[in-house]
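Take a look at the letters that make up each chain.
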Amino acid sequence: MGDPHLLSSAHPTAAAAAAASSSAREHPGPIDEDLAAPDPSPSVAKRPRVAAEPPASGGCVPYVEADVRALVSMAGGIYPLARAEALRGLTAVLEKVDPSSRASVVITECSYQCAVVLMRDDDNGVRLAVVRLVDACARNFSARLDFDADGYGDLMDMIFLQLSSMARDMCTQVRMEAFAALGKMQRVSEGVLLQSLYKKVIKTDSMDVSIINGQKLPPKLKIPCAAGIFSHGIEDEFYQVRRTACKSLGALAKFSTQYTEKALDLLMDMMNDDSEAVRLQTLEALFHMATYGCLSVQEKHMHMFLGLLVDANALIRDAALKILGLVNMPKLQIFKSAVDGLITSLEKYPEEQDIYGILFSIGKNHGSFSANIAKHLAKEITMASDGELILDKPRVKALLIVSISAPFSDDKHKKLNIPSIIFSHAIPLLEKVSCALGGEVSQDSLLSYLCHKGGMPFWENRSVSAEFGESESCNVEKVEIGAHVENTAKETKCLDEVLVMQSMKSILEIVEGSWTMRMPCNVCEVRSILRTCKEELRLLAENSSGSIGAFLSFLSEYLDAILFIVEIWQLIQLDNPYTFGLTSLDILLEKLDMSVRRMEYCYVGLNRVLEVQVLELSLIAHLFRLSKIAVCSKVVLGKLLWVINRLEDLCADGSCELSDFSREIKKACDTSPTGDNLIGSINNLFQLFRLKPTTDFGMLKVINAGLRVCDNNSENPLQYICGLPVGVSFKISLWNVSSHHRLWLRMTIGESMQHTFLEFSGFGGNDEVKSGSMVAPLYATPKACSFVLRGSAPTREDMEDRVIVWFNSLMN
Amino acid sequence: MAIECLVLGAGQEVGKSCVVVTIGGKRVMFDCGMHMGYHDHRHYPDFARALTAWGAPDFTTAISCVVITHFHLDHIGALPYFTEVCGYHGPIYMTYPTKALAPFMLEDYRKVTMDQRGEEEQYSYEDILRCMKKVIPMDLKQTVQVDKDLVIRAYYAGHVIGAAMIYAKVGDAAMVYTGDYNMTPDRHLGAAQIDLLKLDLLITESTYAKTIRDSKHAREREFLKAVHKCVSGGGKVLIPTFALGRAQELCMLLDDYWERMDLKVPIYFSAGLTIQANVYYKMLIGWTSQKIKDSHAVHNPFDFKHVWHFERSFINNPGPCVLFATPGMISGGFSLEAFKKWAPSEKNLITLPGYCVSGTIGHKLMCGKPTRIDYKDTHIDVRCQIHQLAFSPHTDSKGIMDLTEFLSPKHVILVHGEKPQMAFLKERIESELGMPCYFPGNNESVSIPTTQNLKMSATERFITSCAVEQGKRSLHKRNLICRTGLSEVIGSDEEAVEGVLLMEKHKSPKILCEDELLEVLGMERHLVQFEPMVSRIVAAVESELQRAKAADLDSDGK
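- Under the annotation held in an unreviewed UniProt entry, chain B carries the name Cleavage and polyadenylation specificity factor subunit 3-II and is attributed to Miscanthus lutarioriparius.
- Of the comments in the UniProt record for chain B, the one headed Subcellular location (unreviewed entry) reads "Nucleus".

- Going by what an unreviewed UniProt entry lists, chain A is known as ARM repeat superfamily protein and is assigned to Miscanthus lutarioriparius.

Laid out in structure tokens, this is it:
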């Protein structure tokens, strides 16, 4: 063979030429012509399929194919960097093509074959690229499994095995990538999965058959290469690899319960890992498995689990608690040891009140076991003479909580006899119980329930119990409350998007309605309506996150602005506008401006409709300013024009309409460039302003910043020397801040202010959350014994982007 | 050319590792160990016999260099004997930590054999020092040019601190000698790590040729559970260990666990080599696992937080504690003293290392739980709990297979293992990986053919014609993609290009196009035509033919 570098450079043109020729003639190609000439039948059979292809897969396909062709031949070159780059190119192509298209099938297969050839390449970078490419191929293959399911099971197993063999690579990066890819597999047969946990080769006939039935395998790639790949992964020297392996172990649990049981053993052992990141990732994987409902703890795991509950690290304890609340404990003994473990943890860390909630939920999940505990506890209570049993002890409290949870359990078919003494003793723990129930059952009804069951008279229900028989009333009560509890608990859990959206819509309708009825009616009423709406939104926002959360905060900003507008309008109408000095009107105008600016700049991904809304608000703000000064300020007018132009721009393609309000302003501006018309007709213009809130928010995100200064409070101030600069080290987290944003850190001491540019290119994290620390120099320290500095990274004024730093002079 | 591999020790046995490989005319000795089990002539490899076989006047001329993989006595024990008694004066290579720790190991052993067994002195302390002076230390992945042709390089092997796998290359022939290695990392050492090399021969250890070990984590968990249970019950834990390696590993495990569980029970190190070893470990951070290297900047992981200062009298103190004591097999020393004190209480716990020599107390405890042990006229009642540790710094069968598969050498030789297990592994390697595999006994040698690469140049026209050929084929391939997919495309890459290989004396070989040949040789083109002839006209043309032949011969002569 000649110089491959030379060859590869010759390829693209040749391939492109071939592409051109074939697409121009709509013909299979010159070779086919030669072959087909003597016998026309096969070519007839093939031709329609090929001819039908270009329209089906879109016009760009020939180019993609040419790309792929060129990249595949480059991947065979002699230079490792070029090979790796070619493979990365193929991966990029695969990510772009629509996996369901016909072209994707061919391209994916082509890339896959290319990757398989380079799997044992000498160069680490090439192998790394191979893993990524195989991962992309697997994704594309599985995307079309739905219409060709039978043949590809074997192929997916094959890919799994190939990735497994890469997971024993000597290069850390390759191993990590291979484990990540394994975790992303969408389809694997159980035999292969199980084999990946054991180093010893499992011998089953079915497995061999399934592999041999597939394509011809190279001799090395049989099931043994998957053997124990995960047990190797979790023993890896590098914590990054271990972490990825744990993650993938958890991710694959959805395919097989048998696998999950075995994987649990491995994951449990990871709790002794020396890296905290790995332990946390393991707990996350366990949590993942628990939410799938496939986590069943065995006795041998309990020691480890209970160890986690008293771990010195709060994050670990917290994660372990969460998992414990979800797991299924098959034996009473395990249940008891779990309760004991929780009690130990409670004694060691009495500040952690979450434990009561977990106790309640595990009690609820294992009704008959907690009934058993209740029986023993009741005995203990009756046996103890007065004052011996201290209710304040965590142990007794915990046991009471577990006992009281039994009636709320799902074991409806079993008759759970909870002694009444338990209920009466649980009354002091009312708050904890209702908290564990998610705070949805009112404490009053719970109290009445407990009193009933405890056989105590209670004022609200006295009449009821007098009328009905004691037992009957309790029964009714129990069922009702039980059902209520169930429902509300579920509701809080799935306070999902639909509900939020509905309530949001109705709130917006109220806002819109109140705006239209504001004109005739009194303003105060509107104001109170708006305030209530805002309060409702705040409640909704507390329970939601992501885009909806962002939109809710946007809406409350919006309502703020409208409130200001209403108030300003009121002032303008009442007051003599020609007053001097700073008035409440000025303040309100400033507030409105701020509010509009926040809407403009603190959110990423505003869609067109929302942007139009914001711009109209800013139009009205400028209008108010004009009316306030009553003389046309050039600056304000200029801004007004800019806003109108922007509005026109947005509405240019007809996707949304320019409102009457903006159109009139535009007309007024056009007729008199000095803006005299505007001031005159402000009243009329304002009447045209309509609220049209939308609920379509797309991918809205809030830009936010969090500032912290470590080890600093009023007791423990930073030291400085008067007049000399001092460095303050801030811990900064930024949400949804992309690299093109510019942020400054503002440090305020009394009146003086200093701005420092935030260089966050070095911050860790992704686009969503970036965090890092920086030391900002404060140049002008005041000549004082001590002072307080307010630092802020101004994104949203009301959020946690502020911090107060205390300083103490070294001189005194 | 061939690689000749002579196994002087550790052939079908464990102990006195010593392999001499002749590669490209260079003789390299890998390891020079002693056998701890024998005290007669089998104690050392049979150097003299090898020398007569080579027919060389002395070792220095016979052997190009000696490379030692790590400081265990079965890999380095015979080195002072070889250099000072046998008189080898050539270069000796070992890694920095091995060079630092080897004198201690050698001297320790020399003292023990002298004092306890009263054997005659094979070499003195001065011999050890003189020998170590000749050693040239090397670093990981450092390519050492031993002489003009021979190149060696060390790769990380895990096993113990400073252990290395050695890559040796002469010309095109290359091989790797693994020494002992570990494919799974432990708390303080990383896993073996090597580049993807093109090898003719891999000589690998095969201590666990048949065993497949399950996850190490389970063993760690059991150990921690046992220790935690014992100390929370107020008991004392005695951990007899060897000074280097295992003690550090277990201590890191415990220290970490203590930290997480916030335990206040003291951990002690009995005085002796262990503490000194910790000092060495602190200096050799670069040779430990990734985690230690990472955390080293913040905190030296060998500064154990929960390890307290220890004095001998503490042995009588009440309350729970954990004690690391040497020697590992409770064959005497401080671990025996502590054992005598603590064994009678059932609250206490003794953990035993994975392997104990028969005759030691450790061995007795391992073979079933005795209630009473007689030791040199004292009787010890054993009521304490016993926990066996099964940590091993050797790779298991899976690890050997993984490494072999990764390196994909042309031939494999197994050493350092038991014969039946080696036979089993040989079968696996030959059947699963398809590589010829050998496991020669001591003093046997294996000869392995090597590939020889011939460098040749190609003319410009030949390359151009190749490219054109390739271009045409890619046209062809593109159409295949459209229609049928891949299998044919891959197949077509194998297509050959035609050319003429020209090999002349005193010139490097060359590949040419067919039509270039005459040009290069400076000859004219001759055409020979054949015509079918009927016998009738043979006579008629015969004379003409002869004349033509004569003319041909003439032109050849020119």
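Picking up after the structure, the text goes on.
### Details of empty space enclosed by the protein
Residues and elements named next belong to chain B.
Thought 1: Per the stated rule, a full pass over the model turns up 9 cavities of 30 Å³ or more.
Thought 2: The calculated volume of the largest cavity comes to roughly 200 Å³.
Thought 3: Per element, the largest residue contribution to the lining of the largest cavity is 3 residues, and it comes from helix H7 (residues 216-232).
Thought 4: In terms of residue class, the lining of the largest cavity is made up of 3 nonpolar, 2 polar and 11 charged.
Thought 5: The volume enclosed by the second largest cavity comes to roughly 170 Å³.
Thought 6: Along the wall of the second largest cavity there are 21 residues; nearest its centre are Asn182, Thr184, Arg213, Lys216 and Ser392.
Thought 7: Here the lining of the second largest cavity is composed, by residue class, of 3 nonpolar, 7 polar and 11 charged.

### Side note on the confidence of the model for chain A
All names here are of chain A.
Thought 1: With 75% of its residues at a pLDDT of at least 70, chain A reaches an overall mean of 73.
Thought 2: Looking across chain A, the model is least confident in helix H3 (residues 40-51), with a mean pLDDT of 37, and most confident in helix H10 (residues 172-183), with 92.
Thought 3: Across residues 1-60, confidence stays below pLDDT 50; counting only partners more than four residues off in sequence or on other chains, it has 57 contacts.

### Side note on the sheet that holds strand S6 (residues 135-138) of chain B
The pairing of strands in a sheet happens through backbone hydrogen bonds and is either parallel or antiparallel.
Residues and elements named next belong to chain B.
Thought 1: Read across the sheet, 7 strands follow the order S6-S5-S4-S3-S2-S1-S22 without closing on themselves; strand pairing throughout is mixed. In this open sheet, the two edge strands, each paired with only one partner strand, are S6 and strand S22 (444-449). This sheet shows a mean twist of 25° between the axes of neighbouring strands, independent of strand direction.
Thought 2: As paired elements, strand S3 (residues 26-30) and strand S4 (residues 65-67) share 3 bridges and run parallel to each other. Across the sheet, the residue bridging to Met29 is Val66, located in S4.
Thought 3: Sitting on the sheet, helix H1 (residues 47-54) touches strand S1 (2-9), strand S2 (18-23) and S3, and the angle it makes with S1 is about 155°.

Cut-offs and rules
- Residues numbered from 1 in each chain as written.
- Chains lettered and ligands numbered in written order.
- Predicted model: local features only at pLDDT ≥ 70, side-chain atom pairs only at ≥ 80, totals over all residues.
- Heavy atoms only, no water.
- UniProt positions renumbered as here; feature names shortened; annotations may be inferred.
- 1 Å grid on protein atoms, 1.4 Å probe; cavity = no way out; pocket = protein on both sides within 12 Å on 5 of 7 lines; lining within 4 Å.
- Points joined across faces, edges and corners; volume = space filled by probe spheres on them.
- Helix = DSSP H or I, 4+ residues; strand = E, 2+ residues; numbered from the N terminus.
- Nonpolar A, V, L, I, M, F, W, Y, C, P; charged D, E, K, R; others polar.
- pLDDT = per-residue confidence, 0-100.
- Contact = heavy atoms within 4.5 Å.
- Pairing = 2+ DSSP bridges.
- Axes fitted to C-alpha atoms, helices over the stretch in contact; angles between N-to-C directions.

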